[in-house]
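Per-entry structural report
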Amino acid sequence: MSSDAQALHHESFVLNVGPQHPATHGVLRIKLTMDGEYIVDAEPVIGYGHRMHEKMGENRSYAKFLPNTGRLDYVAALFNGHGYVGAVERLAGLVVPERAEYIRVITCELNRIASHLLWVGAFLVDLGGFTPLLYCFDDREHILDLLESVTGSRLTFCYFRFGGVCNDVDDNFIAGARAFVTSMRSRMPLYDAFVSKNIIFRKRCEGIGILSAAECRKYGASGPVIRGSGVAYDVRKLEPYSVYPQLDFDVPVYTEGDCMARYRVRIAEIVESLRIVEQALDKLPAGPVMADKVPRALKPPKGDCYFNVESARGSFGVRAISDGSENAYRLKLRSPCFSNLSLFQECARGMLLTDALALLGSLDLVIPDIDR
Amino acid sequence: MTEGMLMNLVRLLLYLVGMIGFAAFNAAYLTLLERKQASWMQLRRGPTEVGPWGLLQPVADGVKLMSKQLLLPRDVDVPLFLLGPIMVVVPPILCLVTIPFSETVVARNYNLGLLMIFAFGAVSTFALMLAGLASANKFSSIAAARIVAQNIAYEIPLLVIVLSLVMTTHTFNLHTIVAQQAGGFWHWNLLKLGANPLMPVAFLIYFICLLAESNRAPFDMVEAESELVAGVFTEYSGMGFGLFFIAEYVNIVVGCCLATILFLGGWHCPFGLLPGLHWFLIKMYALCVMVVWVRWSFPRTQFYGLLNLSWKYLIPLALANLLLTAVMLKLF
């Protein structure tokens with residue numbers, strides 16, 4: 001009570017949102033200095049879920065770090081794996097068979113759809129609407145079943161290996177993925193009617209939490225956040241990797257910069273990802289899924305490289321420095337959520353609590369990805 | 001004389017037990033209805049394990065809530081904190097006293113019944129605010145401040161609408177209001193376009209205010225779980241927490257009863273056949289289902305959106321409605 005009385009004199013008070021709060025989706029703490037319901041300052045406090053993944057990457061062999069990648073951004077775990085194996089392959093000069101690259105793209109894009117679906121549901125829960133979450137989970141379930149059939153897990157995937165993938169896809173998977181593309185396309189009008197056209201949803205998103213392109217650039221925001229502010233920044237187009245150059249897809253960009261733009265970008269990305277999956281399934285070549293002669297104890301030559309992938313949340317980068325031994329000398333993980341969160345402090349100032357939490361939700365943060 | 005008094009006392013006791021039983025039953029089974037209806041809307045099954053078709057789930061919930069410890073956080077204002085839930089739950093139960101469920105089933109037929117319901121309704125909301133302030137929790141305090149603004153914003157259009165109805169019916173007695181609507185559905189106040197062509201709009205305003213007054217989504221600023229954790233309920237546990245929910249559901253029942261009486265002809269059949277309690281209950285529960293339906297279809301509004309809706313649209317509309325009623329009354 002004494003701290004409350006003190007705060008009354010200053011006409012502002014500190015509100016702790018988190019580490020356990022329904023709007024933070026994990027152990028993120030935001031120290032809000034409030035003037036009534038207006039936010040004077042919002043200071044994100046992170047590190048509650050810090051597990052020293054980067055250090056762990058330095059004191060164990062390359063292969064032993066692979067399962068850790070699934071624990072960074074566990075909602076879109078395949079991208080982390082892709083970034084890490086991509087960096088090590090570049091370091092070791094491994095050539096990945098084309099079939100494996102196609103399988104990587106197919107599974108990653110399926111993972112992106114699953115991640116965006118989860119976001120749509122969770123964002124609506126942030127706004128107080130519970131029902132869409134269950135519809136999203138219904139569709140996401142099909143993807144998880146598909147991915148489980150090839151990767152063996154449903155959330156923290158560890159599917160990619162240096163030089164390929166550990167399991168070839170079978171006909172069941174291909175047929176299932178095709179069926180999913182069809183069913184998901186038929187579901188899109190439902191989401192449109194249920195969510196996009198909902199009057200309260202639009203009131204809560206349109207013109208709320210506007211991020212300018214300059215602010216996004218300043219804090220290194222990427223992914224749907226920057227694409228919702230009118231910048232067509234997509235690693236798949238700008239620094240093409242894997243077999244993305246051979247596939248035809250668009251980068252959805254909206255210029256409004258508000259929560260609605262970020263929502264629309266993600267919905268459009270689901271449609272684009274469906275296109276990518278469909279094309280990749282058509283073009284899927286026959287052949288091996290692992291490169292020949294990848295040594296069991298991988299010792300990449302001395303070197304320093306950076307590999308960037310477009311994860312569901314933005315640009316996920318891995319910098320790996322090898323000193324020629326079995327362990328990486330340094331492993332740096334560039335997480336999209338960390339940069340996307342960092343702009344929150346500046347942008348939340350002067351906003352109302354309700355709107356600021358809508359903005360926070362629209363950034364699509366996965367807290368273990370921030371903390372690493 | 002003494003026999004008459006005794007009969008009166010027995011009658012009073014029976015009604016008291018009946019009202020509390022009705023309120024408790026509704027609070028319990030509306031939670032089940034809510035969970036079942038939500039699950040149908042959300043591609044799932046809802047409670048299925050306790051009893052056949054989950055029918056005993058409310059009993060299990062009640063036992064669970066009662067077996068929990070009532071926690072008293074260190075800084076709370078103890079008397080207010082304990083009084084809060086009780087003061088929230090008693091007024092809506094008292095409101096049921098004057099509701100005419102049928103021609104004969106009415107505990108106390110007050111001449112100012114309508115006024116009494118609104119008087120007690122206001123007590124309930126302010127008790128919620130007190131509970132929030134007594135919690136000594138920032139989230140609860142913010143919610144308490146919101147309740148005051150919300151209550152003022154939505155009590156006005158609600159009362160203005162009811163006032164226009166009182167003007168057309170010339171009475172505050174709920175029994176008389178229903179009796180005036182005898183006959184088919186075209187006699188209902190909802191369709192009494194001769195008295196006021198805006199009657200359906202008035203009903204819509206009443207329904208929106210009902211959602212806001214009973215703190216239901218999309219206007220559930222009191223709870224607002226993704227912003228204010230659990231709003232004024234944050235520090236409450238066990239049955240203290242449970243009482244708030246009983247109050248919420250009884251408030252819905254009272255609001256829906258009132259809508260049935262004021263607009264939908266109370267116990268009268270839409271086709272003039274077999275009037276009675278059953279028609280009242282059918283209409284009332286249909287409205288309850290609508291309240292639940294709205295909750296699971298919409299996200300929450302912003303707080304200022306809520307106030308804007310009231311001050312910019314509902315209050316002017318309600319006032320226009322009042323003016324129109326007065327003009328029509330003078331003309332015809």
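A brief report on the enclosed structure follows. (Residues numbered from 1 in each chain as written. Chains lettered and ligands numbered in written order. Predicted model: local features only at pLDDT ≥ 70, side-chain atom pairs only at ≥ 80, totals over all residues. Heavy atoms only, no water.)

So, the overall build of chain B
For chain B, the helix and strand inventory stands at ten helices and zero strands. Ordering the α and β elements of chain B from the N terminus gives α-α-α-α-α-α-α-α-α-α. Taking the principal axes of its C-alpha atoms as reference, chain B extends roughly 65 × 55 × 45 Å. Out of the 332 residues in chain B, the part that is buried amounts to 53%. A fraction of 76% describes how many contacts in chain B between residues 6 or more apart in sequence connect residues 24 or more apart. Summed over all atoms, the accessible surface of chain B reaches about 14,500 Å², with 75% contributed by carbon and sulfur. (Helix = DSSP H or I, 4+ residues; strand = E, 2+ residues; numbered from the N terminus. Buried < 20%, exposed > 50% of the residue type's maximum accessible area, 1.4 Å probe, protein only. Contact = heavy atoms within 4.5 Å. Areas by Shrake-Rupley, 256 points an atom, 1.4 Å probe, with all protein chains shown as cover.)

Thoughts on unusual backbone geometry
Residues and elements named next belong to chain A. In this structure, S242 takes a positive phi of about 50° despite not being glycine. In this fold, S242 is placed in the loop between α11 (235–238) and α12 (259–283). Residue S242 is classed as partly exposed on the basis of its relative accessible area, which comes to 22%. If you check the backbone angles, D364 has positive phi at about 60° while not being a glycine. Among the structural elements, D364 can be located in the loop between α15 (353–362) and α16 (367–371).

Details of the sheet that holds strand β7 (residues 314–322) of chain A
Residues and elements named next belong to chain A. Reading across the sheet, the three strands line up as β6-β7-β8 and stay open at both edges, with antiparallel pairing between neighbours. The open sheet is flanked by β6 (303–311) and β8 (328–334), the only strands paired with a single partner. For this sheet, the mean angle separating the axes of adjacent strands, direction not counted, is 15°. Bridging between β6 and β7 involves nine bridges; their strand directions are antiparallel. The residue bridging G303 from the neighbouring strand is S322, located in β7. (Pairing = 2+ DSSP bridges. Axes fitted to C-alpha atoms, helices over the stretch in contact; angles between N-to-C directions.)

Points about the nonpolar core
Taken as a class, soluble globular proteins show a tendency for nonpolar side chains to be buried jointly. Membership of the largest hydrophobic core comes to 209 residues, with the highest contact counts inside it found for A:F344 and B:F263. Counting residues per element, this core draws most heavily on helix α5 (residues 98–126) of chain A, at 15 residues. (Core = buried A, V, L, I, M, F, W, Y, C linked by side-chain atoms within 4.5 Å.)

Topic: the layout of surface pockets
Quantified by volume, the largest pocket comes out at close to 850 Å³. The set of elements that each furnish at least two residues to the lining of the largest pocket consists of α1 (2–41), α2 (57–67), α8 (238–263) and α9 (277–297) of chain B. Here the lining of the largest pocket takes nine residues from α1(B), the largest share from any one element. Among the residues making up the lining of the largest pocket, the classes are represented as 17 nonpolar, three polar and eight charged. Taken as a whole, the second largest pocket holds about 650 Å³ of empty space. Taken together, 24 residues line the second largest pocket, and the ones lying closest to its centre are A:I199, A:I200, B:F219, B:T301 and B:L309. Contributing elements (two or more residues each) for the lining of the second largest pocket: α8 (199–205) of chain A together with α7 (199–213), α9 and α10 (303–331) of chain B. The element best represented in the lining of the second largest pocket is α10(B), accounting for seven residues. (1 Å grid on protein atoms, 1.4 Å probe; cavity = no way out; pocket = protein on both sides within 12 Å on 5 of 7 lines; lining within 4 Å. Points joined across faces, edges and corners; volume = space filled by probe spheres on them. Nonpolar A, V, L, I, M, F, W, Y, C, P; charged D, E, K, R; others polar.)

A few points about the environment of B:A286
Residues and elements named next belong to chain B. Within the secondary structure, A286 sits in helix α9. Accessibility expressed as a relative area gives 43% for A286, which makes it partly exposed. Through-space distance from the C-alpha of A286 to that of I177 is 20 Å; in sequence the pair is 109 residues apart.

Some remarks on the environment of B:V222
All names here are of chain B. Relative to the helices and strands, V222 is located in the loop between α7 and α8. Residue V222 is classed as buried on the basis of its relative accessible area, which comes to 2%. Spatially, the C-alpha atom of V222 lies 9.0 Å from that of I142, the residues being 80 residues apart in sequence.

Side note on the pattern of salt bridges
Opposite charge on two side chains permits them to pair, given that their charged atoms come into close proximity. Residues and elements named next belong to chain A. In this structure the tally under the stated criterion is 36 salt bridges over all chains. Residues R319 and D304 are paired through a salt bridge, measuring 2.5 Å at the closest nitrogen-oxygen approach. Separated by 15 residues along the polypeptide, R319 in strand β7 and D304 in strand β6 bring together distant segments of the chain. For D304, a relative accessible area of 43% gives the class partly exposed. Ionic contacts of the salt-bridge type, sharing partners, join the residues E109, R112, R227, D234, R236, E269 and E310 into one network. (Salt bridge = Lys/Arg side-chain N within 4 Å of Asp/Glu carboxyl O.)

What about the sheet that holds strand β1 (residues 13–17) of chain A?
Residues and elements named next belong to chain A. Reading across from one edge, β1-β2-β3 is the order of the three strands in this open sheet, with antiparallel pairing throughout. In the strand order of this sheet, the two ends are held by β1 and β3 (38–45), each with one partner. Recorded for the sheet is a direction-independent mean angle of 25° between the axes of neighbouring strands. Where α15 meets the sheet, it contacts β1, β2 (29–35) and β3, and its direction lies at approximately 155° from that of β2.

Some points on the interface of chain A and chain B
Counting residues at the interface gives 34 residues for chain A, matched by 25 residues for chain B. When the two sides are added together, the surface that chain A and chain B hide from each other amounts to roughly 2,600 Å², 60% of it contributed by carbon and sulfur. Broken down residue by residue, the surface that chain A buries against chain B is led by A:E37, A:T131 and A:I200, which jointly contribute 18%. Across the chain A-chain B interface, the total number found is one salt bridge. The tally of links from chain A across to chain B stands at twelve residue pairs in polar contact (both at pLDDT 80 or more). Elements supplying a minimum of two residues to the side of chain A that touches chain B: β1, α5, α6 (131–151), α8 and α15 of chain A. Partitioned by chemical class, the residues of the side of chain A that touches chain B number 19 nonpolar, seven polar and eight charged. (Buried area = accessible area lost by both parts, 1.4 Å probe. Polar contact = N/O pair within 3.5 Å; in protein donor to acceptor, adjacent residues only side chain to side chain.)

Comments concerning the packing of aromatic side chains
Taken as a whole and assessed by the stated rule, the structure comprises 25 aromatic pairs over all chains. Each ring, one from A:F130 and one from B:W296, has its centre 6.2 Å from the other, and the planes form 75°; the classification is edge-to-face. With A:F130 in the loop between α5 and α6 and B:W296 in helix α9, this pair bridges two chains. Exposure remark for A:F130: the relative accessible area of 37% places this residue in the partly exposed category. One aromatic cluster is present, built from ring pairs that chain together B:F81, B:F233, B:Y236, B:F241, B:F244 and B:F245. (Phe/Tyr/Trp six-rings, centres within 6.5 Å; stacked < 30°, edge-to-face > 60°.)

Details of a nonpolar patch on the surface
Residues and elements named next belong to chain B. On the surface, a nonpolar cluster with roughly 580 Å² of combined accessible area is contributed by L9, L12, L13, L16, V17 and I20. By the secondary structure assignment, L12 is in helix α1. You can call L12 partly exposed: its relative accessible area is 43%. (Patch = residues over 30% accessible without salt bridge, like charges linked within 9 Å, V, L, I, M, F, W, Y side chains within 5 Å.)

Some words on empty space enclosed by the protein
Summed over all chains, the structure comprises six cavities of 30 Å³ or more. Looking at the largest cavity, it is lined by 33 residues, and the ones nearest its centre are B:L210, B:E213, B:S214, B:N215 and B:N251. In terms of residue count, the dominant contributor to the lining of the largest cavity is α8(B) (eight residues). Of the residues in the lining of the largest cavity, the class split is 19 nonpolar, seven polar and seven charged. Of the volumes computed, that of the second largest cavity is approximately 60 Å³. Forming the boundary of the second largest cavity are A:L124, A:G129, A:F130, A:T131, A:P132, A:F194, A:N198, B:W296, B:S297, B:F298 and B:P299. Counting residues per element, the ones that place at least two in the lining of the second largest cavity are α6 of chain A together with α9 of chain B. Grouping the amino acids of the lining of the second largest cavity by side-chain chemistry returns seven nonpolar, four polar and no charged.

Just geometry here; none of it tells us what the structure is for.
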